[in-house]
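One letter stands for each residue in the lines below.
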Amino acid sequence: MHTTINGRISWKTLIKSLYVLGLLLLIVLIFTLVSRKFLGIPNIVNILRQAVPAIMIGGPFTLLMISGNIDLSVGGVVGLTSVIYALLVKAGISFLGAGLLTLLLGLLIGYLNGFLVMKLRIVPVIATLATMNLCIGFGKLLSPKGIGLIRNLPEGVEKFARASFILRLPAAFYLSVLLIIILVLVQRKTILGKYTAAIGGNRVAAELSGVNSIKTVWTLYVIVGFCSALAGVARASYLSLGDPETGMGMELNAIIAVLLGGTNFFGGEGSVSRTVVGVLILTCLSAGMQVIGMPPYWQSLVKGVVLIIALVIDILVKEKIID
Amino acid sequence: MECPENRDLNLKPAVTVSGRISNLTFINLSMLAVLLVVFAAASLLVPRFFNINNISNLIAQQAELIIIGIGVTFLLVSGYIDMSVGGIISMAAVLSAYFCQSASAASFSLGSGLGMSYPLAISLTLLCCMAIGAINAFFVVRMRIASVIVTLGSMAISRGIAMILAKGAQRNTGMPTEFRFLGQFTLIGTINLTVLLMLVLVIAALIVEKKTVFGRRTYLIGANPVAAKLSGIRVERQVSSLYILSALLAGITGVLMASKFNSGNCSLGTGNEFDALVITVLGGTSVVGGFGSVSGTVVGAFILGILSTSVNMLGFPPALQMLVRGSVTIIAILAQRLALDKRNV
C-alpha cells in the first residue's frame, strides 16, 4: 500500500485498495438475502474449493499483466495438463510423481510462451492464442474419441482438491494460499517484483536503467505456465476427470479477476492479493447463481457484464478519486 | 519492436521508382505462391480433393470466414484486435430468429418470438450488432483500454445474450418461410448468396484500402498513431467506425448462417474470432499494425481452408485442426518476417 510523504496512508489509496473487498461483501450480502443457504458452511467450502484453480492462475497472471503482457493460453494449459495428469495416474504412476511430471510440462509450455513473445517478438495475444489452440488440440488428441473425457481415475485422486484436509478444506486450497503468499512476497520484496513493475511502467526506461526485460518477462511466463499446470492438476483431482476443455474461459476469468483487483493493465502497478478477492467475487457470483437457481446459460452474460463493471469502476476510481 | 522501415514502405506505391515491387505486394505474391503450392500438394496427395464439388464447397465454407475477416483485417491494420466477432455471429443468428418468430400468446418458450416481419427483424439484428461494435469502440478508443480485454468482454456479452435467448440451445421453429431464403438461395452448385456477398465485399474492401482516404488513414494509424493524430487524422472516429463495421460484417454473417441452417443456434461462430485472426495473419497482415491487405486475407482463408479440408479428408481426428491453426499462425508470422528482413537488408 502506498503511503504519503509524512508516512500516513492516504485515504484515497485506502478506498482504491478496499473497494474490491466492499464489492465482494455486497455480492455476498445480496445472495445471502436471497437465499439463506448461501452463507452455510457447505456452500462456503464449495466456493473455496471451486476457486482453487482460478486463485492459482490469478496470482501469477497479475504479475504478468503488471509487466504489460498477457497469456491467453492458461485455460488451454489447464485442459491439457488435466488430461496429462489423468493419463499418468491411470498408467499407474503415483499421484506425486504424475503431479511433478505435469508441472514440468507446465514449465515447458510457459517457457515456450516466453520464447515466442520475448525472443521471437510475436505479439502476446497472437502467440498465446496459438499455444492455447495447440494445448487444447493436443489434449483432444490424447483423450478417447466420443466422450472426449478420461474417466475412471484410480481411487484417491480426489484427495488433493476435493477431500477434506484441515477444516473441511482440501490440501489444494492451502497450497493455493501458500502460492499467493509467496507471490505477494515476490512482488513486494524481490528484485523480480521491482523489475516487473518497472517494465510495465516504462519498458524502454527500465531497459535503459539496466533491467533485463526479456529475462524478467520470460520468467513470468514460465511461472504462469507452472501455476496453470498446478491448476490443471487441481482441476483433474477435483473432477476426478481429464477434460481437454475444462479450462475454457479461464483466461477471461483471470483477466476479469485481475481487473476487479484494480491492476493497471498498461502495467506498472497492481496487487496479487486484490486479484484473489477478484477471483472470490467471480466464484461467489457463479455459485450464488446456482444457489438461487439461475440456469447456467446466464453465466456468459454475467461474466461479460462484470468485466464491463470492473472496467468502469477502474476508470472511475483512477480518474475521479485519485486525481 | 518491429523495424519502422517495414511499415513505412507500405505507404509507397506498388512499384517504386527503382522498379522493385513494394513489400506488401511481395508478401501478397509470396502467400499466393504458398496457396498454389498447398493447392497442388492437396490435389496430388489427398484423394478426391481435386474435384469441382469439393472445391466449390471449400469456397462456400470459407466465404463466411472471409466476410468477418475483412473487418478483422482493417482493425488489425490499424493496430487493434477484435475478438468479439464469433460472439456477435451467434447473437445475430439467435436475434434474427427471435425477432421474427411468431408472437403466439403461449408462455415464453423457444418457439415464440416477437413476430416482426423478416426485413425488420434483420435490420434490428444488425443494429444490435452495431451497438456491440459501438461498445467496443467506446471502451477501446475513448477509455483507452486494451482492445483484447474489451472485445473478449463483448464476446462474452454477445454470446451470453444469444445463450439466454436460445436457452443454451437453438430457436428453430415458428420462423416465417422467407427466413431460410437468404441462406439457402444458390446460383450454381454451392455458389450462394454468401459467396456473392463475399465477392462484392472483398472488391469493395480492396477499393477502399487502396483508393480512398479512409483506407489510407487506416494504414497510417496502424503505422504510427501519434504521427497520424498530429497530421490531423481523427483517429478515434476512424477506429470507432472500424469496430462498428467489423461488428456489422459479423452480424451479416450471423444472419446468413442462421438462414442457411434455418435455426438461430447459440453455438454458431464458436472459435471464429481465432479463425479470422489466423487467416488475416496468414495473409501477411502485421500483428502490430500498419501493414496488410484484404487480398492477403482471402489468400489466407483458402490456405487454411485447404489445410483443414485435407486434414478431414485424410481421416485425421478433427482435433488436429486446432494444431494446424496454432502452428500455421506462428510459422506464418516468422516466415513472413524472415522474408521481409532478408529483402530489406
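Residues numbered from 1 in each chain as written. Chains lettered and ligands numbered in written order. Predicted model: local features only at pLDDT ≥ 70, side-chain atom pairs only at ≥ 80, totals over all residues. Heavy atoms only, no water.

1. Quick look at the overall build of chain A
Part 1 of the reasoning: Along its length, chain A carries twelve helices and zero strands.
Part 2 of the reasoning: When the helices and strands of chain A are placed in sequence order, the string is α-α-α-α-α-α-α-α-α-α-α-α.
Part 3 of the reasoning: Its C-alpha atoms put chain A at 60 × 50 × 35 Å along the principal axes.
Part 4 of the reasoning: Within chain A, the proportion of its 323 residues that are buried is 57%.
Part 5 of the reasoning: Considering only intrachain contacts with a sequence separation of at least 6, the fraction spanning at least 24 residues in chain A is 78%.
Part 6 of the reasoning: Accessible area of chain A: about 14100 Å², with a carbon and sulfur share of 69%.
Part 7 of the reasoning: Charge separation in chain A, taken as the distance between the mean sites of 25 positive and 11 negative side-chain charges, equals 5 Å. (Helix = DSSP H or I, 4+ residues; strand = E, 2+ residues; numbered from the N terminus. Buried < 20%, exposed > 50% of the residue type's maximum accessible area, 1.4 Å probe, protein only. Contact = heavy atoms within 4.5 Å. Areas by Shrake-Rupley, 256 points an atom, 1.4 Å probe, with all protein chains shown as cover. Lys, Arg positive; Asp, Glu negative; His and termini not counted. Charge placed at Lys NZ, Arg CZ, Asp CG, Glu CD.)

2. Structural notes on the packing of aromatic side chains
Residues and elements named next belong to chain A.
Part 1 of the reasoning: As enumerated under the stated definition, the model contains twelve aromatic pairs over all chains in all.
Part 2 of the reasoning: Ring centres of Tyr111 and Trp218 lie 4.9 Å apart, and the angle between their planes is 40°; this geometry places the pair in the tilted category. In this pair, Tyr111 is assigned in helix α4 (residues 95-119) and Trp218 in helix α9 (residues 213-239), connecting sequence segments 107 residues apart.
Part 3 of the reasoning: Arranged with centres 5.5 Å apart and planes meeting at 80°, the rings of Phe173 and Tyr174 form a pair that is edge-to-face.
Part 4 of the reasoning: Classification of Tyr174 by relative accessible area gives partly exposed; the value is 26%.
Part 5 of the reasoning: Through a chain of ring-to-ring contacts, three or more aromatic side chains come together here, namely Tyr111, Phe115 and Trp218. (Phe/Tyr/Trp six-rings, centres within 6.5 Å; stacked < 30°, edge-to-face > 60°.)

3. Concerning the side chain of Asp275 of chain B
Part 1 of the reasoning: Structurally, Asp275 of chain B is set in helix α12 (residues 272-282).
Part 2 of the reasoning: Discounting chain neighbours no more than four positions away, the residues touching Asp275 of chain B are Leu65 and Arg325 of chain B.

4. Side note on the nonpolar core
Part 1 of the reasoning: Counting 192 residues, the largest nonpolar core has Phe61, Ile126 and Ile255 of chain A as its most contacted members.
Part 2 of the reasoning: Beyond its immediate stretch of four places on either side in the chain, Ile255 of chain A contacts Phe61, Met65, Ile70, Leu72 and Leu307 of chain A together with Ile149 and Leu152 of chain B.
Part 3 of the reasoning: Counting 16 residues, the second largest nonpolar core, distinct from the first, contains Val77, Tyr85, Ile150 and Leu153 of chain A. (Core = buried A, V, L, I, M, F, W, Y, C linked by side-chain atoms within 4.5 Å.)

5. Here we look at the interface of chain B and chain A
Size of an interface: often given as the accessible area lost when the parts come together.
Part 1 of the reasoning: With 39 residues of chain B at the contact, the number on the chain A side is 36 residues.
Part 2 of the reasoning: Together chain B and chain A conceal approximately 3500 Å² of surface at their shared face, both sides included; 85% is due to carbon and sulfur atoms.
Part 3 of the reasoning: Contact with chain A buries area across many residues of chain B, yet Ile149, Ile164 and Met322 of chain B alone supply 18% of it, more than any other trio.
Part 4 of the reasoning: Run the count over chain B and chain A and you get zero salt bridges.
Part 5 of the reasoning: Linking chain B with chain A are four residue pairs in polar contact (both at pLDDT 80 or more), by the criterion used here. (Buried area = accessible area lost by both parts, 1.4 Å probe. Salt bridge = Lys/Arg side-chain N within 4 Å of Asp/Glu carboxyl O. Polar contact = N/O pair within 3.5 Å; in protein donor to acceptor, adjacent residues only side chain to side chain.)

6. Regarding the packing of helix α5 (residues 118-142) of chain B against helix α11 (residues 235-261) of chain B
Residues and elements named next belong to chain B.
Part 1 of the reasoning: Between α5 and α11, whose axes approach to 7 Å, the crossing angle comes to 145°. The element α5 and its partner α11 pack so that their crossing is right-handed.
Part 2 of the reasoning: For the contact of α5 with α11, the residue count by class is 16 nonpolar, six polar and two charged. (Axes fitted to C-alpha atoms, helices over the stretch in contact; angles between N-to-C directions. Left-handed = near helix turned anticlockwise from the far one by under 90°. Nonpolar A, V, L, I, M, F, W, Y, C, P; charged D, E, K, R; others polar.)

7. Some details on the packing of helix α2 (residues 23-45) of chain B against helix α14 (residues 319-343) of chain B
All names here are of chain B.
Part 1 of the reasoning: Taken N-terminus to C-terminus, the directions of α2 and α14 make an angle of 135°; their axes are 11 Å apart at the nearest point. Judged on the interaxial angle alone, α14 and α2 are oblique. In the crossing of α2 with α14, the sense of the turn from one axis to the other is right-handed. Residues Asn23, Phe26, Ile27 and Met31 of α2 form the contact with α14, whose own contacting residues are Gln336, Ala339, Leu340 and Arg343.
Part 2 of the reasoning: Residue composition of the contact of α2 with α14, grouped by class: five nonpolar, two polar and one charged. (Parallel < 35°, antiparallel > 145°, perpendicular 65-115°, else oblique.)

8. Some thoughts on the pattern of salt bridges
Residues and elements named next belong to chain B.
Part 1 of the reasoning: Overall, the coordinates contain seven salt bridges over all chains when judged by the stated rule.
Part 2 of the reasoning: Across the salt bridge formed by Glu236 and Arg142, the nearest N and O atoms sit 3.6 Å from each other. Note that Glu236 is positioned in helix α11 and Arg142 in helix α5, a separation of 94 residues in sequence.
Part 3 of the reasoning: Between Glu236 and Arg144 there is a salt bridge, with the nearest N and O atoms lying 3.6 Å from each other. Taken together, the positions of Glu236 in helix α11 and Arg144 in the loop between α5 and α6 (147-165) put the pair 92 residues apart, joining distant regions of the chain.
Part 4 of the reasoning: Note on Glu236: relative accessible area 26%, which makes it partly exposed.
Part 5 of the reasoning: Among the ionic contacts, a cluster of salt bridges with common partners joins Arg142, Arg144 and Glu236.

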